Amino acid sequence: AQKVTQAQTEISVVEKEDVTLDCVYETRDTTYYLFWYKQPPSGELVFLIRRNSFDEQNEISGRYSWNFQKSTSSFNFTITASQVVDSAVYFCALSEPYNTDKLIFGTGTRLQVFP
Amino acid sequence: DARVTQTPRDKVTEMGQEVTMRCQPILGHNTVFWYRQTMKQGLELLAYFRNRAPLDDSGMPKDRFSAEMPDATLATLKIQPSEPRDSAVYFCASSSGQGATYNEQFFGPGTRLTVL
């Protein structure tokens, strides 16, 4: 069965600190996609990144970076120099193989960045 | 700025009443999803449509929930009769995906449903 685990329920940091959100997934499939979504206080989920199972290159986008390691089934998300606007709930998700429509979401990590 | 719109944004109703939630997908998107978010279960996919045809509704309680797409610009999720355990935030999302390759899902703001 497929599963996504976000063990950190809530993280609090002070502005400018770096923070890493953990995501561990389980799947028996060799082809799959991994995602991160952000849910700010307004409620809408915002797509951040997609990574397919054959691409283990880490990705950096501004202050955001993602570390995909198949050996440990992890897809961690790091925010460098966090800002108050980063406060949100962050979801990691896994797609079914050959059907990227169906996403299985983790339970989310609430990040609070204090000034 | 294309967005998914959902109405109503908030709904409070009494147990046993019918509830209808509406979603307008982004123009041109052919795939529409309904999700439910609760503290206990997190985000769950209830059902989704492609080109107005239901592809999967396995996540939806069939006895009281129904989802339809009367036309390409409107998706509805109906609960009849509603129960307190249906209290949740219901999200609609749309994409231009075909399934085999991923196309980003754009989420609406959600409908917060409270059943008393």
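Summary of the structure given here. (Residues numbered from 1 in each chain as written. Chains lettered and ligands numbered in written order. Predicted model: local features only at pLDDT ≥ 70, side-chain atom pairs only at ≥ 80, totals over all residues. Heavy atoms only, no water.)

1. What to know about the overall build of chain B
Step number 1: The helix and strand inventory of chain B stands at zero helices and 11 strands.
Step number 2: Along chain B, from the amino end to the carboxyl end, the secondary structure elements read β-β-β-β-β-β-β-β-β-β-β.
Step number 3: The C-alpha radius of gyration of chain B comes to 13 Å, within 12% of the 13 Å expected for a compact globule of 116 residues.
Step number 4: For chain B, the proportion of its 116 residues judged to be buried stands at 49%.
Step number 5: Sequence-distant contacts, at least 24 apart, represent 55% of the contacts inside chain B between residues at least 6 apart. (Helix = DSSP H or I, 4+ residues; strand = E, 2+ residues; numbered from the N terminus. Rg over C-alpha atoms; globule rule 2.2 N^0.38 Å. Buried < 20%, exposed > 50% of the residue type's maximum accessible area, 1.4 Å probe, protein only. Contact = heavy atoms within 4.5 Å.)

2. A short note on the side chain of B:Ser94
Residues and elements named next belong to chain B.
Step number 1: Structurally, serine 94 is set in strand S9 (residues 88-95).
Step number 2: Reaching out from serine 94, the side chain makes a polar contact with the side chain of histidine 29 at a distance of 2.7 Å.
Step number 3: Apart from the residues within four sequence positions on either side, serine 94 is in contact with Val4, Pro25, Ile26, His29, Thr31, Val32, Phe33, Glu104, Gln105 and Phe106. (Polar contact = N/O pair within 3.5 Å; in protein donor to acceptor, adjacent residues only side chain to side chain.)

3. Re the interface of chain B and chain A
Reports often express the size of an interface as the amount of accessible area lost when the parts come together.
Step number 1: Counting residues at the interface gives 21 residues for chain B, matched by 18 residues for chain A.
Step number 2: For the pair chain B and chain A, the number of links is two salt bridges.
Step number 3: The partner of A:Glu44 in a salt bridge is B:Arg3, and the shortest N-O contact between them spans 3.7 Å.
Step number 4: Run the count over chain B and chain A and you get two residue pairs in polar contact (both at pLDDT 80 or more).
Step number 5: Contributing elements (two or more residues each) for the side of chain B that touches chain A: strand S4 (31-38) and strand S5 (42-50) of chain B.
Step number 6: The biggest single contributor to the side of chain B that touches chain A is S5(B), with four residues.
Step number 7: Taken together, the residues of the side of chain B that touches chain A sort by class into 10 nonpolar, six polar and five charged. (Salt bridge = Lys/Arg side-chain N within 4 Å of Asp/Glu carboxyl O. Nonpolar A, V, L, I, M, F, W, Y, C, P; charged D, E, K, R; others polar.)

4. Some thoughts on the pattern of salt bridges
Residue and element names in this part refer to chain B.
Step number 1: Counted under the stated rule, the structure contains 10 salt bridges over all chains.
Step number 2: Of the charged contacts, one joins arginine 64 and aspartate 86 as a salt bridge, the two residues approaching to 2.6 Å between their closest N and O atoms. Taken together, the residues span a long stretch of sequence, with arginine 64 in the loop between strand S6 (53-56) and strand S7 (65-71) and aspartate 86 in the loop between strand S8 (74-79) and S9 at a distance of 22 residues. The same class applies to arginine 64 as to aspartate 86, namely buried.
Step number 3: Linked through salt bridges whose partners overlap, the residues forming this network are Arg64, Glu83, Arg85 and Asp86.

5. Description of the pairing of S8(B)
All names here are of chain B.
Step number 1: One ladder, built from five bridges, connects strand S3 (residues 19-24) with S8; its direction is antiparallel. If you follow threonine 20 over to S8, its bridge partner there is lysine 78.
Step number 2: Looking at chain direction, S7 and S8 are connected through five bridges and run antiparallel. Bridge pairing links aspartate 71 to leucine 74 in S8.
Step number 3: Turn length for the S7-S8 hairpin, with the two strands adjacent in sequence and antiparallel, is two residues. (Pairing = 2+ DSSP bridges.)

6. What about the packing of aromatic side chains?
Step number 1: By the definition in use, this model includes 19 aromatic pairs over all chains.
Step number 2: The interplanar angle of 75° and the centroid separation of 5.5 Å between the aromatic rings of A:Tyr37 and B:Phe107 together place this pair among those described as edge-to-face. Of this pair, A:Tyr37 sits in strand S5 (residues 33-39) while B:Phe107 is found in strand S10 (residues 106-107), placing the two residues in two different chains.
Step number 3: Arranged with centres 5.1 Å apart and planes meeting at 90°, the rings of A:Tyr64 and A:Phe77 form a pair that is edge-to-face. Within this pair, whereas A:Tyr64 is found in strand S8 (residues 64-69), its partner A:Phe77 is found in strand S9 (residues 74-79), the two being separated by 13 residues in sequence.
Step number 4: Here the aromatic residues A:Tyr37, A:Phe47, A:Phe91, A:Phe105, B:Phe33, B:Tyr35, B:Tyr48, B:Phe91 and B:Phe107 are joined through ring pairs into a cluster of three or more. (Phe/Tyr/Trp six-rings, centres within 6.5 Å; stacked < 30°, edge-to-face > 60°.)

7. Let's talk about the sheet that holds S7(B)
Across a sheet, strands are paired by hydrogen bonds formed along the backbone, either parallel or antiparallel in direction.
All names here are of chain B.
Step number 1: The strand order across the open sheet built from four strands is S1-S3-S8-S7, with neighbouring strands paired in antiparallel fashion. Each edge of the open sheet is held by one strand with a lone partner, namely strand S1 (5-7) and S7. Averaged over all adjacent pairs, the angle separating strand axes in this sheet is 20°, with direction ignored.
Step number 2: Where S1 meets S3, three bridges bridge the pair, whose relative direction is antiparallel. Of the residues in S3, the one forming a bridge with glutamine 6 is cysteine 23. (Axes fitted to C-alpha atoms, helices over the stretch in contact; angles between N-to-C directions.)

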